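Structural characterization, general
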Amino acid sequence: SVLTVACEQTEVLLFDPISSKHIKTLSEAHEDCVNNIRFLDNRLFATCSDDTTIALWDLRKLNTKVCTLHGHTSWVKNIEYDTNTRLLVTSGFDGNVIIWDTNRCTEDGCPHKKFFHTRFLMRMRLTPDCSKMLISTSSGYLLILHDLDLNKSLEVGSYPILRARRTTSNSDTTSTGSSGSRAAGSPCQQNDSGALFEKHTSRPSQREGGSPRNSLEVLTPEVPGERDRGNCITSLQLHPKGWATLLRCSSNTDDQEWTCVYEFQEGAPVRPVSPRCSLRLTHCIEEANVGRGYIKELCFSPDGRMISSPHGYGIRLLGFDTQCSELVDCLPKEASPLQEIRSLYSHNDVVLTTKFSPTHCQIASGCLSGRVSLYQPKF
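Residues numbered from 1 in each chain as written. Predicted model: local features only at pLDDT ≥ 70, side-chain atom pairs only at ≥ 80, totals over all residues. Heavy atoms only, no water.

A look at the pairing of strand β8 (residues 76-82)
- A large share of β8 lies buried, amounting to seven of its seven residues.
- In this sheet, strand β9 (residues 87-92) lies alongside β8 in antiparallel orientation, the contact comprising six bridges. Pairing of Ile79 across the sheet is with Thr90, part of β9. (Buried < 20%, exposed > 50% of the residue type's maximum accessible area, 1.4 Å probe, protein only. Helix = DSSP H or I, 4+ residues; strand = E, 2+ residues; numbered from the N terminus. Pairing = 2+ DSSP bridges.)

Now the structure itself:
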């Protein structure tokens, strides 16, 4: 019922998505750029900022924040929410993933703990069932925490590291290639996967007959044309049914951009203590590479049949085939190109973000100069 927009200059804008009318501007929502907004329910939402804080807001009383959360030491870029435990999960360029207990929120904030740390962190997402956490890095690695337990504190030595692997269309091999890259706002990169995190050696607790909780797997997703050059994973989204992950990757020289879809392949573990969740590249398409250095956020449609991707001064609607079939109904044997369903251009600057409405047949996009556009089909 509300479209919220995170803006560069400390503002949050609220619109009525049906009438397109501007409802309100939170002119000083933060002290620096606002990066992300996440609704926790139909009235409460959270914002995060380059001022290192997260703020909670109530739609019924927007004149003041519910509270401000302090814990990060650098730009906060991502907010996730586990509706089962009511735990807020945030990540930032300090490399930290922090858990906030919104069940015990006061005007002074919420109890919190550092859940995970990795160098070069870009984006963090939870699968729809909150059973896995995926983290993308500016050095080309994708980290997966399996059998996720957000209530368990991940201190040094509390989770096992599975072997780093490079995923390909046909097989998995040990990752040995260079993966250095650069991204806007990210720290200097290194090529060694061991530099992403400290070594953890102690054996984790394990449920009887099951795999260990919070097992970490390190992957280097294959990107077309980048087999020997490395890449930066700037945007990370998940299929609404948890079938696949959607990545926006740029080359380490910033001269190419790709949108890639990877299927989750759930299989029987080699050993009970080593869960496997390989990624297989199923679809990809090269992007316009306009607006170098800026991160472009893409998204799945609510039913997972379409992808909306920033493309220059507009957006492209992409499908797994020309009929917009379900991914499971058109899985190719080898990586295939995403099909362009339609292109929409209404901006005069580089489009940085796009989002489908979860309830209406509508798409929103926002560009670098601050313009927000709403699209809906005419019947």
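Comments concerning the side chain of Glu287
- Within the secondary structure, Glu287 is located in the loop between β21 (277-286) and β22 (299-300).
- Given the relative accessible area of 6%, Glu287 is considered buried.
- Among the polar contacts listed, one links the side chain of Glu287 to the side chain of Arg316, at a separation of 3.1 Å.
- Apart from the residues lying within four places of it in its own chain, the contact partners of Glu287 are Arg248, Glu257, Trp258, Thr259, Ser309, Pro310, His311, Arg316 and Leu318. (Polar contact = N/O pair within 3.5 Å; in protein donor to acceptor, adjacent residues only side chain to side chain. Contact = heavy atoms within 4.5 Å.)

A closer look at the state of the cysteines
- By the definition in use, this model includes one disulfide.
- Disulfide partner of Cys105: Cys110, at an S-S distance of 2.5 Å. Between Cys105 and Cys110 the sulfur-sulfur dihedral comes to about -65°; the bridge is accordingly left-handed.
- Assessed through its relative accessible area of 29%, Cys105 is described here as partly exposed.
- In this model Cys284 remains outside any disulfide bridge; the closest cysteine sulfur is found in Cys260, 5.4 Å from its own. (Disulfide = S-S within 2.5 Å.)

Here we look at the sheet that holds strand β1 (residues 3-6)
- Across the sheet, three strands lie side by side as β1-β2-β3; this open sheet has antiparallel pairing. With one partner strand each, in any of the chains shown, β1 and β3 (22-26) form the two edges of the open sheet. Put simply, the sheet's adjacent strands are angled 15° from each other on average, direction ignored.
- Across four bridges, the pairing between β1 and strand β2 (residues 12-15) is antiparallel. Bridge pairing in β2 links Ala6 to Val12. (Axes fitted to C-alpha atoms, helices over the stretch in contact; angles between N-to-C directions.)

Examining the UniProt feature "repeat: WD" (unreviewed entry) in the protein
- Here the UniProt-annotated "repeat: WD" (unreviewed entry) positions come out as residues 27-60 and 69-101.
- Within residues 27-60, the helical portion is 0% and the strand portion 53%, while the C-alpha atoms at the span's ends are 17 Å from each other.
- Measuring from the first to the last C-alpha atom of residues 69-101 gives 11 Å, for a span that is 0% helix and 64% strand. (UniProt positions renumbered as here; feature names shortened; annotations may be inferred.)

Brief notes about unusual backbone geometry
- Even without being glycine, Arg86 reaches a positive phi, approximately 60°.
- With respect to the element layout, Arg86 can be found in the loop between β8 and β9.
- Within the chain, Asp147 stands out as a residue other than glycine whose phi angle is a positive 45°.
- Considering the arrangement of structural elements, one finds Asp147 in the loop between β14 (142-146) and β15 (165-167).

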